[in-house]
Amino acid sequence: MAHALDIPDSLSCRCRRWSEGLRPIKDMGSCIGYMERELPELLEDNDLFREILRAIVERDSYPDINTDTMFVNEIVLFRDPVRGFSLRMCLWGPGEYDPVHDHNSWGVIGTVSGCLTVVGYQRLDGGSDERCAVIEEAGRELLPVGCTYSVLPLNQGIHCTGNADASAIVQVGVYGKNITGRNYIHAFDPATGEISRLYSPQAKKRMLARQALLSL
Ligand SMILES: [Fe+2]
């Protein structure tokens, strides 16, 4: 039976420090710079992540694997009470990649175990069409343990991430405030240019329920 396990003290302390550190910073580049300096130490804390992974396996109450997230392999580890950032973990099986996508905020991501692949894309059209885009690969990085990659919001940060390794790997990311107000992100098909909206399963259910109500 699951037993209660709160957020580990060492993680809670770090997150509170980040909250204080990020609060006075107003520009996105400096927020990214702050997290690029702070995140590597967390990425190399094997004891902490062993504790978190074991808690997931043993169905402990923390971390809650049922919270509202965009991707099925994503787990929220901490939400800043003043909404400055969230800390998320992604678990990747061998050969798994997310769709090419944008974000609603800045982000700094890194690898806890294995080697994360990040493919960046640039948008070659005007960038204003919400249904179709011309994108091309702009760079591919392999992130070993402790290394970070920064993400910008919207068209400046189109990318996909995944796992080219033969075993499951762990990625962690810190994401800033949602600056777009969207409750979805854009997913891009690099071959056809088609853009679709990607909602969290929970947000999609709420949206469709709202629409369905209109016809009842
Ligand atoms: Fe992403």
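Sequence positions are assigned chain by chain, starting from 1 and proceeding in written order. Note on the predicted model: pLDDT of at least 70 is required for a residue's local features to be given, and 80 or more for side-chain atom pairs to be given and counted; whole-chain, interface and lining totals, by contrast, use all residues. To get the side-chain values, all heavy atoms of the structure are used, and hydrogens and water are removed first.

Let's talk about the pattern of salt bridges
Put simply, a salt bridge is a Lys or Arg side-chain nitrogen that is within 4 Å of an Asp or Glu carboxyl oxygen. Scanning the entire structure with this criterion turns up twelve salt bridges. Ionic pairing is found between Arg206 and Asp68, a salt bridge with its closest N-O pair at 3.0 Å. In this pair, Arg206 is assigned in helix H4 (residues 201-213) and Asp68 in the loop between helix H3 (46-57) and strand S1 (74-79), connecting sequence segments 138 residues apart. Residue class for Asp68 comes out partly exposed when judged on its relative accessible area of 28%. Because the salt bridges share partners, they merge into one network encompassing Arg14, Glu41 and Asp45. Every helix listed is a DSSP run of H or I at least four residues long, and every strand listed is a run of E at least two residues long, numbered separately from the N terminus. A 1.4 Å probe rolled over the protein chains alone gives each residue an accessible area, and that area as a share of the maximum for its type sets the label: buried under 20%, exposed over 50%, partly exposed in between.

Quick notes on the layout of surface pockets
What the largest pocket holds in volume is close to 810 Å³. With a 1 Å grid spanning the protein atoms alone, the term cavity applies to any set of points in which a 1.4 Å probe fits but cannot get out, the term pocket to an open set with protein on both sides within 12 Å along at least five of seven lines, and the term lining residue to any residue with an atom within 4 Å of a point. Lining the largest pocket are 34 residues, and of these Arg79, Ser86, Arg88, Gly176 and Asn178 sit closest to its centre. Those elements giving two or more residues to the lining of the largest pocket turn out to be S1, strand S2 (85-92), strand S8 (159-163), strand S9 (169-176), strand S10 (184-188) and H4. Sort the elements by how many residues they give to the lining of the largest pocket and S2 lands first, with five residues. Along the lines of polarity and charge, the residues of the lining of the largest pocket split into ten nonpolar, 14 polar and ten charged. Grid points are joined across faces, edges and corners, and a volume is the space filled by probe spheres set on the points. Approximately 280 Å³ is the volume found for the second largest pocket. Looking at the second largest pocket, it is lined by 17 residues, and the ones nearest its centre are Leu22, Ile25, Cys31, Gly84 and Lys177. Just so you know the grouping, Ala, Val, Leu, Ile, Met, Phe, Trp, Tyr, Cys and Pro go in nonpolar, Asp, Glu, Lys and Arg go in charged, and all remaining residues, Gly too, go in polar.

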